[in-house]
Structure formats: C-alpha cells, structure tokens
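If you want the building blocks of each chain, they are given just below.
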Amino acid sequence: MEGQNGRERAGQEKGFSEAELKTCYQDFDPAAYLQYNYTPPRASFDNKDNIVPWQLGWLHRAFTEGDVKGDILVDIGSGPTLYQVMSGCERFRRVILSDFVEANRRELQNWLQGKSNSLDWTPFFQYVCKLEGRSPDAWSEKAQRLRSVVTDVLPIDVHQPHPLSPEALPPSGADCLISCFCLESASPDLASFNRALGHISSLLRQGGHLLLIGTLEMTFYYAAPELCIPAVRLDEAQLCSSLKNCGFQLLELSVYNLPQDMQKSTDDARSMFFVKAKKQ
Ligand code: SAM
C-alpha cells in the first residue's frame, strides 16, 4: 500500500477513463474494503460523532422525519455493505440492492441467505435499533425485516443511460434512491460524475427522494491491499450545482470533517457529506 503516493498510481493525474476505472473494479476485494472502512475506529459505536454512527444517524433521521417512504427503495452501488438500508427497510415495501461488481453482489446474497459473511453486521443493527428507540436485542427482528424486503440484488452500471435492466422497476420509477460513496468513486472526473447522477435520476419518480452520502476532496481509496482506485475530487459547491443541474431540490446538506483519529492511509478522504434531495 502506498498511501499518499498511491495518488499517482491511482491515475488521477493520468486521467483514467470510465472504462479503465471499470476494469479496476474487477479486483475489488469485499473483505478488505469492509475491514478498511467498517471496523473500528470508523465503525465504533461508543461515540455518535464517529463516522459510521454519523452516517447511521443521518439515515435514521432522513427515513423517519418527513415523507421519505413508499413502495420501492433502490440502493445504488451497494458494495458489500448493508448499513445504508437498515433504517430504510422499515419504510419501504421493497428494497433493491445493486452493484457493478459481482463479488459484492455475492457478499450481499450470502448475507441474505444466512451464509457466512466477511463482516458481522450485528453491532450496526443494534445501533440502528437504539436510534429507533428499540432494545438492541431487537436486532435480529430488524435483520429479518431487511432479509424479507430485499427482493433483488442487481447488476448496475451508473455510466449507462439505463443503469439497471429495463424490467427492474415500474415505468414510473422508484420512490427513493440511496447511494453511498458510489458516484464519486465510480467517476474519473466531474463531467462523468454529473452524467452518472443524471443516469441514476432516471430511475427515480418525479417527487421521489435521493439520499446521498459521499466524500469531499477525496482523490483515491484502496479497495484491496494493492488496488488503489482514483476518485473524482468533489467540493461542496460542485456537489450542489450537480444536484441542481440534474433537477434536484436540495433539502438537507450536512458535512462531516474527519477527526485525525478517523483518517487512514487507505484513502485521503478528509470530509464527508450527507444530502437529502427531491426530484422536481
Ligand atoms: N455503498 C458502499 C458503501 O457505502 O461503502 C460501497 C461504496 S464503494 C466506495 C463504491 C462502490 O461503487 C463499489 O461497490 C463499486 O463496485 C461500485 N461501482 C463502481 N463502479 C460502478 C459503476 N460503474 N456503476 C455502479 N456501481 C459502481
């Protein structure tokens, strides 16, 4: 692992194409990615200001306050993770998970089928139960609820004008999209990010909600010990203008600055954002 030097290897300066980035993703290692990002210190639940509790807190609020509910919730670029739908699974009749990488889809299917997994999601479920005012012991009921509402784990490519297969959704689209750390990690530059946002917007019904979590100013992250993936370096103003240009009304924006002890050599993220927006 090369830390900061990984930037060069990542290809940010070389100007990776979307196609080259897709090739990188073939070596995505779900277990390593989960280890880098979803174990302590980032995923320690003793302090609500740690990264993962911050993410879960915003998702809990987004799904419990206001009218973010309905028939179909689609998670775009789920990766090998489940935390992002633990609140939403209570508010939608169907949840569709999706990812570009087959190994990630397999990891999700394994969990859905109760097979062995690269990460124990129990503390995440327990934390979300506490946010919902339930006993942490209710975590297995919540896990069961999630297993019962996830109807599909689909291949997706945000760089295609139709990212999902045409029969995946009704013609009116999903009621809500959620996407965490996907678009900026899948896009080599801002133009590509903007196009990808437009593509996923076509999956959402008019008046539906978009919940986005992502990184600001990040230029690379590791998705395996030797796999440094370049990301588009996005700032807050670019994010807001991308959303506006794609027809979204921004309802909520929160920025989290990573404390020193949450910064790692496996990425150069220094801040993260949570966005709640509505398709106009
Ligand atoms: N959503 C997970 C999370 O919150 O940790 C995973 C985020 S990971 C940084 C980026 C994800 O984007 C990976 O799972 C990757 O497979 C997916 N991805 C990469 N290129 C993509 C593409 N063209 N279309 C859709 N997803 C893509």
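Now for a quick tour of the structure. Treat the numbers as computed from the prediction; the structure is a model and nothing was measured. (Residues numbered from 1 in each chain as written. Predicted model: local features only at pLDDT ≥ 70, side-chain atom pairs only at ≥ 80, totals over all residues. Heavy atoms only, no water.)

**Section: empty space enclosed by the protein**
Right, on to step 1. One pass over the full model with this rule turns up one cavity of 30 Å³ or more.
Right, on to step 2. A volume near 550 Å³ is recorded for the largest cavity.
Right, on to step 3. Lining the largest cavity are 39 residues, and of these Tyr33, Phe181, Cys182, Ser185 and Tyr221 lie nearest its centre.
Right, on to step 4. Where the lining of the largest cavity is concerned, the elements lending two or more residues are helix H2 (18–25), helix H3 (30–37), helix H4 (51–64) and helix H8 (183–186). (1 Å grid on protein atoms, 1.4 Å probe; cavity = no way out; pocket = protein on both sides within 12 Å on 5 of 7 lines; lining within 4 Å. Points joined across faces, edges and corners; volume = space filled by probe spheres on them. Helix = DSSP H or I, 4+ residues; strand = E, 2+ residues; numbered from the N terminus.)

**Observations regarding the site of the ligand**
Right, on to step 1. Every one of the 23 residues lining the ligand counts as a neighbour, but Tyr33, Tyr38, Gly77, Tyr83 and Asp99 are closest to it.
Right, on to step 2. Protein coverage of the free-state accessible area of the ligand, which is 590 Å², stands at 99%.
Right, on to step 3. Class assignment for the residues of the shell around the ligand results in 14 nonpolar, seven polar and two charged. (Near = heavy atom within 4 Å. Areas by Shrake-Rupley, 256 points an atom, 1.4 Å probe, with all protein chains shown as cover. Nonpolar A, V, L, I, M, F, W, Y, C, P; charged D, E, K, R; others polar.)

**Observations regarding the layout of surface pockets**
Right, on to step 1. Quantified by volume, the largest pocket comes out at close to 170 Å³.
Right, on to step 2. Looking at the largest pocket, the residues that line it are His162, Leu164, Ser165, Pro166, Ala168, Leu169, Pro170, Pro171, Ser172, Gly173, Ser202 and Leu203.
Right, on to step 3. Counted by class, the lining of the largest pocket contains seven nonpolar, five polar and no charged residues.

**Re the state of the cysteines**
Right, on to step 1. A full pass over the atoms with the stated rule returns zero disulfides.
Right, on to step 2. Just so you know, Cys24 is unpaired, no disulfide at all, and the nearest cysteine sulfur is the one on Cys228, 8.8 Å from it. (Disulfide = S-S within 2.5 Å.)

**So, the sheet that holds strand E1 (residues 70–76)**
Right, on to step 1. With mixed pairing, the seven strands of this open sheet are ordered in space as E3-E2-E1-E4-E5-E9-E8. Strands at the two margins of the open sheet, each flanked by one partner only, are strand E3 (150–155) and strand E8 (248–257). Averaged over all pairs of adjacent strands, the angle between strand axes in this sheet comes to 15 degrees, irrespective of strand direction.
Right, on to step 2. Examined bridge by bridge, strand E5 (residues 204–216) and strand E9 (residues 271–279) share eight bridges and lie antiparallel to one another. Within E9, the residue paired with Gly214 across the bridge is Phe273.
Right, on to step 3. Across the face of the sheet, helix H5 (residues 102–112) comes into contact with strand E2 (92–99) and E3 while running at roughly 165 degrees to E3. (Pairing = 2+ DSSP bridges. Axes fitted to C-alpha atoms, helices over the stretch in contact; angles between N-to-C directions. Contact = heavy atoms within 4.5 Å.)

**Brief notes about the packing of helix H6 (residues 122–131) against helix H7 (residues 139–149)**
Right, on to step 1. Interaxial distance between H6 and H7 falls to 9 Å at its minimum, and their mutual angle equals 100 degrees. Between H6 and H7, the angle is such that the two are roughly perpendicular. Where H6 approaches H7, its residues Thr122, Phe125, Gln126, Val128 and Cys129 are matched on the opposing element by Trp139, Lys142, Ala143 and Leu146.
Right, on to step 2. When the residues that make up the contact of H6 with H7 are grouped by side-chain class, the tally is six nonpolar, two polar and one charged. (Parallel < 35°, antiparallel > 145°, perpendicular 65-115°, else oblique.)

**Topic: the packing of helix H9 (residues 190–201) against helix H10 (residues 236–245)**
In helix packing, the relevant descriptors are the interaxial angle and the interaxial distance, both defined with respect to the helix axes.
Right, on to step 1. At a minimum axis separation of 10 Å, H9 and H10 run at an interaxial angle of 40 degrees. Classified by the angle their axes make, H9 and H10 are oblique. Viewed along their axes, H9 and H10 form a crossing whose handedness is right-handed. Touching Leu190, Phe193, Asn194 and Leu197 of H9 are Gln238, Leu239, Ser242 and Leu243, all from H10. (Left-handed = near helix turned anticlockwise from the far one by under 90°.)

**Describing unusual backbone geometry**
Both trends apply: most residues other than glycine have a negative phi, and most peptide bonds are in trans.
Right, on to step 1. In this model, Pro40 is joined to Pro41 through a cis peptide bond whose omega is 10 degrees.
Right, on to step 2. Assignment of secondary structure puts Pro41 in the loop between H3 and H4.
Right, on to step 3. Residues other than glycine seldom take positive phi values, yet Phe181 does so here, at roughly 55 degrees.
Right, on to step 4. Note on placement: Phe181 falls in the loop between strand E4 (174–180) and H8.
Right, on to step 5. For Phe181, a relative accessible area of 12% puts it in the buried group.
Right, on to step 6. In this model, Glu217 sits at a positive phi of 65 degrees, which is unusual for a non-glycine residue.
Right, on to step 7. Within the secondary structure, Glu217 sits in the loop between E5 and strand E6 (220–224).
Right, on to step 8. The partly exposed category is assigned to Glu217, whose relative accessible area is 33%. (Buried < 20%, exposed > 50% of the residue type's maximum accessible area, 1.4 Å probe, protein only.)

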